[in-house]
Amino acid sequence: MGERFVVAEMNTHHFMFRGAGATAEAARRALLKAWAAHRSALLALYPEREGSLPEAERMEEHFRIHYLEFEADAGYRWPDRLV
């Protein structure tokens, strides 16, 4: 069996965010880091939206994060391993 990794996914109203890591927690942190970067970019353009864009630590109050585990060097038809 090869090296395993986890992909965390969060589908918001407009975007799908993903993070990957060796563990579910590492994947979660990567996903929330992507959200934080997205939020910062939006707030730079629209500072008045600060109250409607949750900070990364509060995203799970609004959206669910799903976790998928994969093996490196394997082939998948999402999310099932084929080879």
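Structure report, in brief. (Residues numbered from 1 in each chain as written. Predicted model: local features only at pLDDT ≥ 70, side-chain atom pairs only at ≥ 80, totals over all residues. Heavy atoms only, no water.)

1. Remarks on the environment of Ala30
Inference 1: Examined against the element boundaries, Ala30 turns out to sit in helix α1 (residues 24-45).
Inference 2: Exposure remark for Ala30: the relative accessible area of 28% places this residue in the partly exposed category.
Inference 3: Along the primary structure Ala30 and Ala20 are separated by 10 residues, whereas in three dimensions their C-alpha atoms are 6.4 Å apart.
Inference 4: Every residue in contact with Ala30, bar those within four places of it in the chain, is listed here: Gly19 and Ala20. (Helix = DSSP H or I, 4+ residues; strand = E, 2+ residues; numbered from the N terminus. Buried < 20%, exposed > 50% of the residue type's maximum accessible area, 1.4 Å probe, protein only. Contact = heavy atoms within 4.5 Å.)

2. Digging into the environment of Trp78
Inference 1: Secondary-structure assignment places Trp78 in the loop between β4 (76-77) and β5 (80-81).
Inference 2: Here the alpha-carbon distance between Trp78 and Leu68, two residues 10 residues apart in the chain, equals 9.6 Å.
Inference 3: Among all residues touching Trp78, those that are not within four sequence positions of it are Glu9, Leu68 and Phe70.

3. Focus: the nonpolar core
In summary, soluble globular proteins display a tendency toward joint burial of nonpolar side chains.
Inference 1: One finds Met10, Leu31, Leu32, Trp35, Met59 and Ile65 to be the most contacted residues of the largest nonpolar core, which totals 14 residues.
Inference 2: At 5 residues, the largest contribution of residues to this core is made by α1. (Core = buried A, V, L, I, M, F, W, Y, C linked by side-chain atoms within 4.5 Å.)

4. Thoughts on the environment of Trp35
Inference 1: Note on placement: Trp35 falls in helix α1.
Inference 2: Beyond its immediate sequence surroundings of up to four residues, Trp35 is in contact with Met10, Phe17, Leu53, Pro54, Glu55, Ala56 and Met59.
Inference 3: In this structure the side chain of Trp35 is engaged in a polar contact, spanning 2.8 Å, whose partner is the backbone oxygen of Pro54. (Polar contact = N/O pair within 3.5 Å; in protein donor to acceptor, adjacent residues only side chain to side chain.)

5. Considerations on the side chain of Glu71
Inference 1: Assignment of secondary structure puts Glu71 in strand β3 (residues 65-71).
Inference 2: You can call Glu71 buried: its relative accessible area is 9%.
Inference 3: Here the side chain of Glu71 touches Arg81 through a polar contact of 3.0 Å, side chain to side chain.

6. So, unusual backbone geometry
Inference 1: Backbone geometry at Asp73 places phi at a positive 65 degrees, although glycine is not the residue there.
Inference 2: Tracing the chain through its elements places Asp73 in the loop between β3 and β4.

7. Observations concerning the packing of aromatic side chains
Inference 1: For the coordinates displayed, the defined rule picks out 4 aromatic pairs.
Inference 2: Seen in terms of ring centroids, Phe15 and Phe17 are 6.2 Å apart; in terms of plane orientation they differ by 65 degrees. Their pairing is edge-to-face.
Inference 3: Owing to a relative accessible area of 43%, Phe15 belongs among the partly exposed residues under this scheme.
Inference 4: Taking the centre distance of 5.5 Å and the plane angle of 80 degrees together, the rings of Phe17 and Trp35 count as edge-to-face. Linking Phe17 in strand β2 (residues 16-21) with Trp35 in helix α1, this pair joins segments that are 18 residues apart in sequence. The pair Phe17 / Trp35 is uniform in exposure class, with both members buried. (Phe/Tyr/Trp six-rings, centres within 6.5 Å; stacked < 30°, edge-to-face > 60°.)

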